[in-house]
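Reading the structure
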Amino acid sequence: MFDDAAARRYLAGLAPVAAGSVRWLIYDHDRQWVSVVDGDLVSLRQDCLHVLGATEEADATTSLVDAIREFLAEGTERTPQIVALSCAVLMQSVGDLDAVFDRIRSGVMATLVYAEDVVVRPVAG
């Protein structure tokens, strides 16, 4: 199970996030694997909009989650795609892109991949 306190301790040892950037933590429960990636907010917004435009099918959330799992299986070189897909999953639940990016800017985001679910949320402070 993901441990927010341990994640905060780990993140505290990293350099601060650059202005205009976001820090995203990706946790794969089955592999006990964690990746931390920093990315540009403007690029992420564009990538998120691109993903949302491509997922106009009825059960888009399921296909986004499946895509996250597939990219995760491919390794760390796919973290930018996982982050963009995670943003789209968050958009599916929030419904407003500006509100999504307000949430993203508020702290470190996490994509938590479990066997039964994928959760996108801020790391608890």
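Along each chain, numbering runs from 1 in the same order as the chain's sequence is written. For a predicted model such as this one, the threshold for reporting local features is a pLDDT of at least 70, and the threshold for listing and counting side-chain atom pairs is 80 or more; totals across whole chains, interfaces and linings nevertheless cover every residue. Side-chain figures throughout are based on the complete set of non-hydrogen atoms in the structure, without hydrogens or water.

As a further point, take the packing of aromatic side chains. Geometry of an aromatic ring pair is reported as the spacing of the ring centres plus the angle between the planes. Pairing of aromatic rings covers Phe, Tyr and the six-membered ring of Trp, with a centre-to-centre limit of 6.5 Å; geometry is then stacked below 30 degrees between planes, edge-to-face above 60, and tilted otherwise. All told, the structure shown has two aromatic pairs when counted by the stated rule. Residues Tyr27 and Tyr114 carry aromatic rings whose centres are separated by 6.0 Å and whose planes lie at 65 degrees to one another, so their mutual orientation is edge-to-face. In this pair, Tyr27 sits in strand β1 (residues 21-28) while Tyr114 sits in the loop between β3 (109-113) and β4 (118-122), placing the two residues 87 residues apart along the sequence. On the basis of relative accessibility, which here comes to 5%, the residue Tyr27 falls in the buried class. Aromatic ring contacts, followed pair by pair, group Phe2, Tyr27 and Tyr114 into a single cluster. A helix here means a DSSP run of H or I that spans at least four residues, while a strand means a run of E at least two residues long, and both kinds are numbered starting from the N terminus. Each residue is assigned to one of three classes by its accessible area relative to the maximum for its type, calculated with a 1.4 Å probe on protein chains only: buried under 20%, partly exposed between the two thresholds, exposed over 50%.

This part is about the pattern of salt bridges. Opposite charge on two side chains lets them pair, provided their charged atoms get close. One speaks of a salt bridge when a side-chain nitrogen belonging to Lys or Arg is within 4 Å of a carboxyl oxygen belonging to Asp or Glu. Scanning the entire structure with this criterion turns up six salt bridges. Between Glu74 and Arg78 there is a salt bridge, with the nearest N and O atoms lying 2.7 Å from each other. Note on Glu74: relative accessible area 41%, which makes it partly exposed. For Arg78, a relative accessible area of 26% puts it in the partly exposed group. The closest approach of N and O atoms between Asp102 and Arg105, which form a salt bridge, is 3.0 Å. With a gap of three residues between them, Asp102 and Arg105 both fall in helix α5 (residues 97-105), about one helical turn apart. A residue is classified by how much of its surface remains accessible, and Asp102, at 47% relative accessible area, is partly exposed.

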